[in-house]
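So the chains spell out like this:
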Amino acid sequence: MRIAAALLMVLGLTACASATTNISGTADYDTLRRVHDDCAAKGGTLVLKDGGNSQWIQDYTCKRP
C-alpha cells in the first residue's frame, strides 16, 4: 500500500513539473511568449525549424545572427 501511495505522489509531482515547463508539448500562446522572450534576451529570434510543425514547441529554435 505504501508503494502505491508513493508511486501516485511521484506521478503527481511529475505531472505538475511537466505542465509548468512544457518542454515537449503544444506551442500555446503562453509557451511561445516565454520562449520568444528568453530567445530575445539572448539576442536571438525565435523561428520555426525547416519542415517543423508550428503546433509543437520543440519545432522552434532560437536563431542568433
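Draft legend 1. Just the overall build of the chain, in detail. Each helix and strand in the chain was counted, giving 2 helices and 2 strands. Along the chain, helices (α) and strands (β) appear in the sequence α-α-β-β when read from the amino end. The proportion of buried residues among the 65 residues of the chain is 14%. Restricting to contacts in the chain with at least 6 residues of sequence separation, those with at least 24 account for 36%. On the chain, roughly 5,200 Å² of surface is accessible, and the fraction owed to carbon and sulfur atoms is 62%.

Draft legend 2. Spatial organisation of the environment of C62. Assignment of secondary structure puts C62 in strand β2 (residues 60-63). Distance from C62 to K42, taken between C-alpha atoms, is 8.8 Å for residues 20 residues apart in sequence. Excluding residues within four positions of it along the chain, C62 makes contact with C39, G44, T45 and L46.

Draft legend 3. Just the state of the cysteines, in detail. Under the criterion given, the structure shown has 1 disulfide. Covalently, C39 is tied to C62 through a disulfide, its sulfur atoms 2.0 Å apart. Judged by the torsion about the S-S bond (85°), the C39/C62 disulfide is right-handed. One end of the pair, C39, is in helix α2 (residues 29-41); the other, C62, is in strand β2, with 23 residues separating them in the sequence.

Draft legend 4. Broad picture of α2. With 13 residues, α2 extends 18 Å between its outermost C-alpha atoms, agreeing within 8% with the 18 Å of an ideal straight helix rising 1.5 Å per residue. Note on α2: the residue one or two positions beyond its end, G43, has a positive phi of about 85°.

Draft legend 5. Representation of the pattern of salt bridges. Counted under the stated rule, the structure contains 1 salt bridge. Among the salt bridges present, the one from D37 reaches R33, with a minimum N-O distance of 3.5 Å. You can see D37 and its partner R33 sitting in helix α2, 4 residues apart, about one turn around the helix. Owing to a relative accessible area of 37%, D37 belongs among the partly exposed residues under this scheme. Note on R33: relative accessible area 39%, which makes it partly exposed.

What counts and how
Residues numbered from 1 in each chain as written. Predicted model: local features only at pLDDT ≥ 70, side-chain atom pairs only at ≥ 80, totals over all residues. Heavy atoms only, no water. Helix = DSSP H or I, 4+ residues; strand = E, 2+ residues; numbered from the N terminus. Buried < 20%, exposed > 50% of the residue type's maximum accessible area, 1.4 Å probe, protein only. Contact = heavy atoms within 4.5 Å. Areas by Shrake-Rupley, 256 points an atom, 1.4 Å probe, with all protein chains shown as cover. Disulfide = S-S within 2.5 Å. Expected span 1.5 Å × (residues − 1). Salt bridge = Lys/Arg side-chain N within 4 Å of Asp/Glu carboxyl O.

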